[in-house]
Amino acid sequence: MERSDMVISGFGGQGVLFVGFLLAYAGMLEGNYVCWIPSYGVEMRGGTAHCFVTIANKEVSSPIVDRPSVVMVFNNPSLEKFETAVTPGGHLFINSSLVDIEPKRSDLIVHRIPASDYANELGNSKVANIILLGALIQATEVVSIDNIYLALQEILPEKKKKMLPLNYEALKFGMSNLV
Amino acid sequence: MSKKLLKGNEAIGEAAIKANCRYYFGYPITPQNEIPEFFAKEFPRVGGVFIQAESEIAAINMVYGAAAAGARVMTSSSSPGISLKMEGISYIAAAELPCVIANIMRGGPGLGGIQPAQSDYFQATKGGGHGDYRMIVFSPASVQELYNLTKKAFYLADYYRIPVMILGDGFLGQMMESVEMDGQNDTCEPIPKPWAITGCRGREKQYINTLYLVPEELAELNDRLQEKYRQIKNSEQAYEEYYMEDADFVLVSFGIAARICKEAVDLARDKGIRAGLIRPITLWPFPEKAFADLTRAKNILNVEMNAGQMVEDVKLAVSCKIPVHFYGCTGGLLPSSKEIVNRIEMLGGTPK
């Protein structure tokens, strides 16, 4: 890996910024250079939000991500917005429980995963993002699953530590249900 | 491991606490709200004082008061809010008081937008408020540098008794990078402040004042200020060079735009163009020393997220002996490295 540029995009509240933060944190734990950039603006609950994550083994010169090799989308507008930006041969992760349009490009590795349905099966619709993250790690190996575990342990505040087992389960579920 | 994943805005707060700053007065404005948020949350733990003032003007005058009493103190805002603070900054400069002011710039003029920009260069480096004053202006380009320079800012403010501005932008303030908090050169230990207004029991009365009705006395203040500024110009210029050893095409850029320029230099070098970058870290004093010996340079391209505010400083630094071109964007848009390379090629930066 020289440099991996990723975009995570969806509605506010779907945990898109958190997934990006986890990736960046795990990248840092691995001793890599990382950058995490949120969209900021007149966002509001239910509006679209995205973040850019860069993980590189040398200093990140420009932190701007205009050609990501990995894109994860949680809604239709996000797919429409970022599909064209993905580098040829790049990975596109789609929460197909929520996205009902098809990507137009044929030169991408498309992973359509019904993450919200899976999350409901696990008993908590909020972990759809973590399921997709599991799939992303399985497919791209951009960070190791161990460091995502470690990142979760370090990031989650004490009172949310009880969510750790569910998050682990969601990660594993995502890893084994990669398509 | 002592690395932390921090937003630029949070790094300012962490650095301030590390530098023993215990007073923050501010007023909310995007894109720097994580700074007051940080202090509101963290200061109670270390015995600091956080006040959300009724306005930016009130906040900067609280800074004036706290600095006069000898406290390490800071405020922060974003472009329109910094404009409101200008009167206070002029007073603080005249009173020769130390403080740190962070400006996480957004697009202007007027209320402008909330996306990142670098269009307060003139305001920060050429005065902004009234009178013949200067402040030290730091332009960090990474979250780590934001952390380091904020600490240094407190030290230099005390050392020279001068306001120091951290000039970042919305992009840098919002972005997260890993920050090494320990093992940095700690140039931030407190400096005794015998001039501070701390109550005069047992000593002579002393004053902090900016009103001088006798012209000679005001001239004396100005002479003293100018001497201080000369000293700072000699001692505090800071810059980074990137691939400058053999560069015949020189980019000049500060802050986040300079990061984009680094990528442009890499791309240009891939094409065989001998490009290099000078990145001013202090905007005032402008790092003239970086331009003193540019014998190889045939062209200079200045890249900024504004309409070309640094161009004249670059021209002065090279005494107009090398053509200085400009590429920039305004409104909160970011320059692209590919476009910068296009400009380099258009301007005759040819492969060797």
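One can find the structure itself at the top, above this paragraph.
What you see is a predicted model; the values in this text were computed from it and never measured. (Residues numbered from 1 in each chain as written. Chains lettered and ligands numbered in written order. Predicted model: local features only at pLDDT ≥ 70, side-chain atom pairs only at ≥ 80, totals over all residues. Heavy atoms only, no water.)

A. The overall build of chain B, seen in detail. Of regular secondary structure, chain B possesses eleven helices and 14 strands. For a compact globule of 352 residues, the expected C-alpha radius of gyration is about 20 Å, and chain B comes in at 21 Å, within 12% of that figure. Its C-alpha atoms give chain B principal-axis dimensions of about 75 × 50 × 40 Å. Out of the 352 residues belonging to chain B, those deemed buried represent 58%. Across chain B, contacts joining residues at least 24 apart in sequence account for 79% of those joining residues at least 6 apart. Total accessible area computed for chain B in this model is approximately 14300 Å², and 51% of it derives from carbon and sulfur atoms. (Helix = DSSP H or I, 4+ residues; strand = E, 2+ residues; numbered from the N terminus. Rg over C-alpha atoms; globule rule 2.2 N^0.38 Å. Buried < 20%, exposed > 50% of the residue type's maximum accessible area, 1.4 Å probe, protein only. Contact = heavy atoms within 4.5 Å. Areas by Shrake-Rupley, 256 points an atom, 1.4 Å probe, with all protein chains shown as cover.)

B. Helix H6 (residues 143–160) of chain B, seen in detail. For H6 of chain B, which comprises 18 residues, the first-to-last C-alpha distance of 25 Å matches the rise-based estimate of 26 Å (1.5 Å per residue) to within 8%. The buried count for H6 of chain B comes to 15 of 18 residues, which makes it a mostly enclosed element. (Expected span 1.5 Å × (residues − 1).)

C. Molecular detail of the packing of helix H1 (residues 16–29) of chain A against helix H5 (residues 145–155) of chain A. Residues and elements named next belong to chain A. The N-to-C vectors of H1 and H5 enclose an angle of 110°; their axes lie 8 Å apart at closest approach. The pairing of H1 with H5 is recorded here as roughly perpendicular in orientation. Both H1 and H5 take part in a crossing whose hand is right-handed. Listed contacts from H5 to Phe18, Phe21, Leu22, Leu23, Tyr25, Ala26 and Leu29 of H1 are Asn147, Ile148, Leu150, Ala151, Leu152, Glu154 and Ile155. Within the contact of H1 with H5, the residues separate by chemical class into twelve nonpolar, one polar and one charged. (Axes fitted to C-alpha atoms, helices over the stretch in contact; angles between N-to-C directions. Parallel < 35°, antiparallel > 145°, perpendicular 65-115°, else oblique. Left-handed = near helix turned anticlockwise from the far one by under 90°. Nonpolar A, V, L, I, M, F, W, Y, C, P; charged D, E, K, R; others polar.)

D. The arrangement of the packing of aromatic side chains in detail. Residues and elements named next belong to chain A. Enumeration according to the criterion identifies 16 aromatic pairs over all chains in this entry. Ring geometry for Phe21 versus Tyr25: centroids 5.9 Å apart, planes at 65°, classification edge-to-face. In this pair, Phe21 and Tyr25 are both assigned in helix H1, four residues apart and thus about one turn of the helix distant. Residue Tyr25 is classed as buried on the basis of its relative accessible area, which comes to 12%. With 4.5 Å between their ring centres and 65° between their planes, Tyr149 and Tyr168 make a pair best called edge-to-face. You can see Tyr149 sitting in helix H5 and its partner Tyr168 sitting in helix H6 (residues 164–176), a full 19 residues away along the chain. (Phe/Tyr/Trp six-rings, centres within 6.5 Å; stacked < 30°, edge-to-face > 60°.)

E. Fine view of the layout of surface pockets. Space inside the largest pocket adds up to approximately 1300 Å³. Taken together, 39 residues make up the lining of the largest pocket; nearest its centre are Phe21 and Trp36 of chain A together with Lys7, Glu10 and Met176 of chain B. Secondary structure elements with two or more residues in the lining of the largest pocket: H1, strand E2 (33–38), strand E3 (48–56) and H5 of chain A together with strand E1 (3–7), helix H1 (8–18) and helix H2 (34–46) of chain B. Per element, the largest residue contribution to the lining of the largest pocket is six residues, and it comes from H2 of chain B. Of the residues in the lining of the largest pocket, the class split is 16 nonpolar, twelve polar and eleven charged. (1 Å grid on protein atoms, 1.4 Å probe; cavity = no way out; pocket = protein on both sides within 12 Å on 5 of 7 lines; lining within 4 Å. Points joined across faces, edges and corners; volume = space filled by probe spheres on them.)

F. Inspection of the interface of chain A and chain B at higher detail. Chain A puts 20 residues into the contact, and the matching count from chain B is 25 residues. In total, chain A and chain B occlude about 1900 Å² of area from one another, counting both sides; carbon and sulfur atoms represent 67% of this. One salt bridge in this structure joins Glu263 of chain B and Arg3 of chain A, with 3.8 Å as the shortest N-O distance. At the boundary of chain A with chain B, the tally comes to four residue pairs in polar contact (both at pLDDT 80 or more). Mapped by element, the contributors of at least two residues to the side of chain A that touches chain B are H1 and E2 of chain A. (Buried area = accessible area lost by both parts, 1.4 Å probe. Salt bridge = Lys/Arg side-chain N within 4 Å of Asp/Glu carboxyl O. Polar contact = N/O pair within 3.5 Å; in protein donor to acceptor, adjacent residues only side chain to side chain.)

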